[in-house]
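# Report on the structure
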Amino acid sequence: MKFKTTPYHHDLLKDTDRLAVFYEAIEQYDSNTDLAYDLGCGSGVLSYFLSSKFEEVISIEADFKAFKCAEENLASFDNVKVINGDVLEHEFTRKADLIVCEMLDTALIDEEEIPVLNYARRFLKDGGRIIPQGIINTVELVNMQRHHIHWDEEAEYDVLSDEVVYSQFNFSDDIDPEFSSNFTLKANKDALLNGLKITTYTILDDDIIAGPLPMLNPPLMIPLDEKRVRVNDFIHVEIKYSMGKGIESIKTRYL
């Protein structure tokens, strides 16, 4: 099936590995399951996957251009309803068997996955599920060439520690978007430390965990004040950010 898309959603569709992990997670459902919500449906490709499994799919997209693409792409599917609107203002009238919400970004900082799910979760049936199920965030010490917040596509950096898990979230739980964490990392070489590398692993379901992909949570590079470290030094760091408020909300400091 050919999809009409915005330029951004065209890039999403080109990431076939991203599509594949969501398709596999959706395929676990029996055909003729009652109702699914696709929140932030974009061009509608995940709603297209859902349409063969659910008697009804309700797809919501705030961006008008993306909504018009989804509306056109899904016009021939009688069981899919596409709505132009903000999920946080939508008046849900029924509970769903499944909520799909791909408002994802690295560490949940930039997009509104957590505010949206905190609102929409009440419209999930008892025993209902969410795709993705959650995420795992890891951190490493780095020396990076560009001393500003950026994603690691083609960026040059030197990793200075082992990778450590600093947070994990299950999207079935209510999650406070005001996040803070303290962690300790051990330097594995003598070097100039000036940043953190944040990596997010996406838990699609019990059997599928996706690592970073070009259009699914690429690693995020975050500056720290420059500090000379020696091998086996322990580095204590605090990080804070507001989920859904953007990378401008990130704050880091040594402890």
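Residues numbered from 1 in each chain as written. Predicted model: local features only at pLDDT ≥ 70, side-chain atom pairs only at ≥ 80, totals over all residues. Heavy atoms only, no water.

## Description of the sheet that holds strand β5 (residues 124–131)
One open sheet accounts for 5 strands, arranged β3-β2-β1-β4-β5; its pairing is parallel. The sheet is open, and its two borders are formed by β3 (80–84) and β5, each paired with just one other strand. Within the sheet, the average angular offset between the axes of one strand and its neighbour, ignoring direction, is 20°. In the sheet, strand β4 (residues 96–101) pairs with β5 via 4 bridges, with the strands oriented parallel. Of the residues in β5, the one forming a bridge with valine 100 is isoleucine 131. On top of the sheet, helix α4 (residues 64–73) reaches β2 (54–61) and β3; it is set at about 165° to β3, its chief contact. (Pairing = 2+ DSSP bridges. Helix = DSSP H or I, 4+ residues; strand = E, 2+ residues; numbered from the N terminus. Axes fitted to C-alpha atoms, helices over the stretch in contact; angles between N-to-C directions. Contact = heavy atoms within 4.5 Å.)

## What to know about the pattern of salt bridges
Where charged atoms from two side chains of opposite charge come close, those side chains can pair. Going through the model one piece at a time under the given rule, you end up with 12 salt bridges. Two residues, aspartate 206 and arginine 129, come together in a salt bridge whose shortest N-O distance is 3.8 Å. You can see aspartate 206 sitting in the loop between β11 (191–205) and β12 (208–210) and its partner arginine 129 sitting in strand β5, a full 77 residues away along the chain. The partly exposed category is assigned to arginine 129, whose relative accessible area is 27%. (Salt bridge = Lys/Arg side-chain N within 4 Å of Asp/Glu carboxyl O. Buried < 20%, exposed > 50% of the residue type's maximum accessible area, 1.4 Å probe, protein only.)

## Overview of the pairing of β4
Burial analysis of β4 places 6 of its 6 residues in the buried class, which makes it a mostly covered element. Bridge count for strand β1 (residues 33–39) against β4 is 4 bridges, and the pairing is parallel. Across the sheet, aspartate 38 pairs through a bridge with valine 100, a residue of β4. The β-α-β motif built from β4, the intervening helix α5 (residues 113–120) and the parallel element β5 has right-handed crossover chirality. (Right-handed = clockwise from strand over helix to strand, strands pointing away.)

## Describing the packing of aromatic side chains
Scanning the model with the defined rule gives 14 aromatic pairs in all. Centroid distance tyrosine 29 to phenylalanine 54: 5.4 Å. Interplanar angle 45°. Geometry classified as tilted. Here the residue tyrosine 29 occupies a position in the loop between α2 (16–27) and β1, and phenylalanine 54 occupies one in strand β2, the gap between them amounting to 25 residues. We note that tyrosine 29, like phenylalanine 54, is buried. Pairing tyrosine 48 with phenylalanine 77 gives two aromatic rings, centres 5.7 Å apart and planes at 70°, and the pair type is edge-to-face. Pair noted here: tyrosine 48 is in helix α3 (residues 45–51) and phenylalanine 77 is in the loop between α4 and β3, with a separation of 29 residues, a long-range link. (Phe/Tyr/Trp six-rings, centres within 6.5 Å; stacked < 30°, edge-to-face > 60°.)

## So, the side chain of asparagine 118
Relative to the helices and strands, asparagine 118 resides in helix α5. A polar side-chain atom of asparagine 118 sits 3.3 Å from a polar atom in the side chain of arginine 121. (Polar contact = N/O pair within 3.5 Å; in protein donor to acceptor, adjacent residues only side chain to side chain.)

## Observations regarding helix α1 (residues 7–14)
Within the sequence span of α1, burial applies to His9, Leu12 and Leu13. Across the axial projection of α1, the buried residues extend over an arc of 95°, all falling on one side. Residues of α1 that are exposed and point over 90 degrees away from its buried face: Pro7 and Lys14. Tucked into the core, α1 has its buried residues touching α2, α3 and α4. (Arc of directions from axis to C-beta.)

## Let's talk about the packing of α1 against α2
When two helices pack together, their arrangement is given by the angle between the helix axes and by the axis-to-axis distance. Interhelical geometry of α1 versus α2 gives an angle of 70° and a closest axis separation of 5 Å. Considered as vectors, α1 and α2 are oriented roughly perpendicular to each other. Residues Leu12, Leu13 and Lys14 of α1 form the contact with α2, whose participating residues are Thr16, Arg18 and Leu19. For the contact of α1 with α2, the per-class residue count stands at 3 nonpolar, 1 polar and 2 charged. (Parallel < 35°, antiparallel > 145°, perpendicular 65-115°, else oblique. Nonpolar A, V, L, I, M, F, W, Y, C, P; charged D, E, K, R; others polar.)

## Details of unusual backbone geometry
Following isoleucine 131, the chain continues into proline 132 via a peptide bond in cis, with omega recorded as 0°. Within the secondary structure, proline 132 sits in the loop between β5 and β6 (134–144). Even without being a glycine, asparagine 217 presents a positive backbone phi close to 55°. Residue placement: asparagine 217 occurs in the loop between β12 and β13 (220–229).

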